[in-house]
Amino acid sequence: MLRGLREAYHAIHELLGSVLRMEIIAFGVQADERPLLEQAFAGRHALRVLSLFLNRDTAPLAAGFPVVSTSVNAELDAETLALLAAGGTELVAQRSTGFNNIDLAAAAELGLTVARVSHYSPYAVAEHAWALALAVNRRLTRAASRSREFDFRLDGLLGRDVHGMTVGVIGTGKIGECFARIAHGFGTELLGWDLAENPACRELGMTYTELPELLSRADLVSLHVPLLPATHHLIDAAALARMKDDAILVNSSRGGLVDSAALVETLRAGRLSGVGLDVYEEETGVFFTDRSIQGITDDTLARLVTFPQVLVTSHQAYFTRTAVGQIIDATARNVEDFAAGRRNGNTLVPLSG
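Residues numbered from 1 in each chain as written. Predicted model: local features only at pLDDT ≥ 70, side-chain atom pairs only at ≥ 80, totals over all residues. Heavy atoms only, no water.

Overview of the nonpolar core
Nonpolar side chains tend to gather and get buried jointly when the protein is soluble and globular. Counting residues in hydrophobic clusters, the biggest one holds 33 residues, and the most contacted among them are Ile170, Leu215, Val221, Ile235 and Leu263. For this core, the secondary-structure elements that each account for two or more residues are β7 (189-193), α9 (211-217), β9 (220-223), α10 (237-242), α11 (260-268), β11 (274-277) and α12 (299-304). With four residues, α11 is the largest single contributor of residues to this core. Apart from the residues lying within four places of it in its own chain, the contact partners of leucine 215 are Ile170, Val221, Ile235, Ala239, Arg242, Met243 and Lys244. Listed in part, the 26 residues of the second largest apolar core include Val29, Val67, Ala93 and Ala115. (Core = buried A, V, L, I, M, F, W, Y, C linked by side-chain atoms within 4.5 Å. Buried < 20%, exposed > 50% of the residue type's maximum accessible area, 1.4 Å probe, protein only. Helix = DSSP H or I, 4+ residues; strand = E, 2+ residues; numbered from the N terminus. Contact = heavy atoms within 4.5 Å.)

Rendered as structure tokens:
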């Protein structure tokens, strides 16, 4: 009898395993990300990995895959989602916190489940934001370029002490708090702006102000708010005009927070001593790709990178072993929960039911 129970148990276990095994196709996978992603799903689900980004042209490649994993630069508009649904996709598992690239209403109408990664290491982004701030402040890009040509002059490399600066943190959630803690360690005066105050930032000595006051007083401004209709072009021509002529602006959140055309005009006027951008409002189709041969057709981005006080990185603030590992682990849990008929805090669509 015991033998029969064991055999029944193993039969049920094998049946459940076959039911829960999912066919997954992952788009926009970076070379350093691939082994971590493959390891996360090894022996559990079938995984196909592509470096191509998901859009209406590449969506047909997902036909027959019930699970599609995407990167933040995927173009998941209504047309792309319809193509996925027609091909048998049931779950879109995005490997990012942001999801402004996904038409959630269209996904709901098509009966697709959509999940994201609600959080990962906030230190990764905050530290990169500070790397950008320090690099533009101390002219490190120019200095490194000169050194490669054996030009060791200091002309034009004069920076400022961060100690004693007034630092404005726009958005004081988890990442903004980490940025503020680093700023506190430098010995800065902290200003903050957010819809809700963070007690931990208050404990660091942060003073919450209205946005115009923060912009006018800060020597360094760093953005850490999500991209929403209310925050689109939060830093527009009027906001830039309020900033000090020698202020530093850093954006490691979402490109749409900054009016790029207005930023170019501000720089052309000789204002702002440094700008560090890890994101750009029209980055889709450009960032994460090699355009060194054919160049780019985006005149605004091309102009931005020509300014000596501007440093642009390719949406890499999240790109640390710790953060990428956490993103992949959360994505794997999203797939597991979907396969088991469960929802979790990362589920965006459906919202209930």
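Some words on the sheet that holds strand β10 (residues 248-251)
Pairing in this open sheet of seven strands is parallel, and the strands run β8-β7-β6-β9-β10-β11-β12 from one edge to the other. In this open sheet, the two strands that pair with only one neighbour each are β8 (207-208) and β12 (310-312). Contacts from helix α7 (residues 174-186) reach β6 (166-170), β7 and β9, with the element oriented near 170 degrees to β6. (Pairing = 2+ DSSP bridges. Axes fitted to C-alpha atoms, helices over the stretch in contact; angles between N-to-C directions.)

A few points about the UniProt feature "domain: D-isomer specific 2-hydroxyacid dehydrogenase NAD-binding" (unreviewed entry) in the protein chain
The positions that UniProt labels "domain: D-isomer specific 2-hydroxyacid dehydrogenase NAD-binding" (unreviewed entry) are, in the present scheme, residues 131-317. As a span, residues 131-317 carries 33% helix and 14% strand, and end to end its C-alpha atoms are 10 Å apart. (UniProt positions renumbered as here; feature names shortened; annotations may be inferred.)

Some words on unusual backbone geometry
Residue proline 350 follows valine 349 across a cis peptide bond; omega there is -5 degrees. By the secondary structure assignment, proline 350 is in the segment after β13 (347-349). Of note, arginine 139 is a non-glycine position whose phi angle comes to about 55 degrees, a positive value. When you line up the elements, arginine 139 lands in the loop between α5 (122-137) and α6 (140-148).

Re the environment of glutamate 283
Relative to the helices and strands, glutamate 283 is located in the loop between β11 and α12. For glutamate 283, a relative accessible area of 6% translates into the label buried. Considered as a pair, glutamate 283 and serine 145 are 138 residues apart in the sequence and their alpha carbons are 25 Å apart.

So, the pattern of salt bridges
Under the definition given, this model contains 16 salt bridges. A salt bridge links arginine 56 to glutamate 79; its shortest N-O distance comes to 2.9 Å. Taken together, the positions of arginine 56 in the loop between β2 (46-49) and β3 (67-70) and glutamate 79 in helix α3 (residues 78-86) put the pair 23 residues apart, joining distant regions of the chain. Through salt bridges with shared partners, one network takes in Arg56, Asp77 and Glu79. (Salt bridge = Lys/Arg side-chain N within 4 Å of Asp/Glu carboxyl O.)

Describing the packing of helix α2 (residues 34-41) against helix α13 (residues 321-339)
It is at 10 Å that the axes of α2 and α13 come closest, and there the two elements cross at 35 degrees. As for the relative orientation of α2 and α13, their crossing is right-handed in sense. Contact residues: α2 offers Leu36, Leu37, Ala40 and Phe41, while α13 offers Val324, Ile328, Ala332 and Val335. Classifying every residue of the contact of α2 with α13 by side-chain character gives eight nonpolar, no polar and no charged. (Left-handed = near helix turned anticlockwise from the far one by under 90°. Nonpolar A, V, L, I, M, F, W, Y, C, P; charged D, E, K, R; others polar.)

Let's talk about the UniProt feature "domain: D-isomer specific 2-hydroxyacid dehydrogenase catalytic" (unreviewed entry) in the protein chain
Sequence positions flagged by UniProt for "domain: D-isomer specific 2-hydroxyacid dehydrogenase catalytic" (unreviewed entry) are, in local numbering, residues 29-346. The span residues 29-346 is 36% helix and 13% strand, and its two end C-alpha atoms sit 20 Å from each other.

So, α11
Since the α-helix turns once every 3.6 residues, residues separated by three or four places project in the same direction. If you check which residues of α11 are buried, you get Ser260, Ala262, Leu263, Val264, Thr266 and Leu267. Elements that come into contact with the buried residues of α11 comprise α10, β10, β11, α12 and β12. Measuring from the backbone nitrogen of alanine 261 back to the side-chain oxygen at the start of α11 gives 3.3 Å, which picks out aspartate 259 as the cap. Residue glycine 270 follows α11 closely and has a positive phi angle near 85 degrees. (Polar contact = N/O pair within 3.5 Å; in protein donor to acceptor, adjacent residues only side chain to side chain.)

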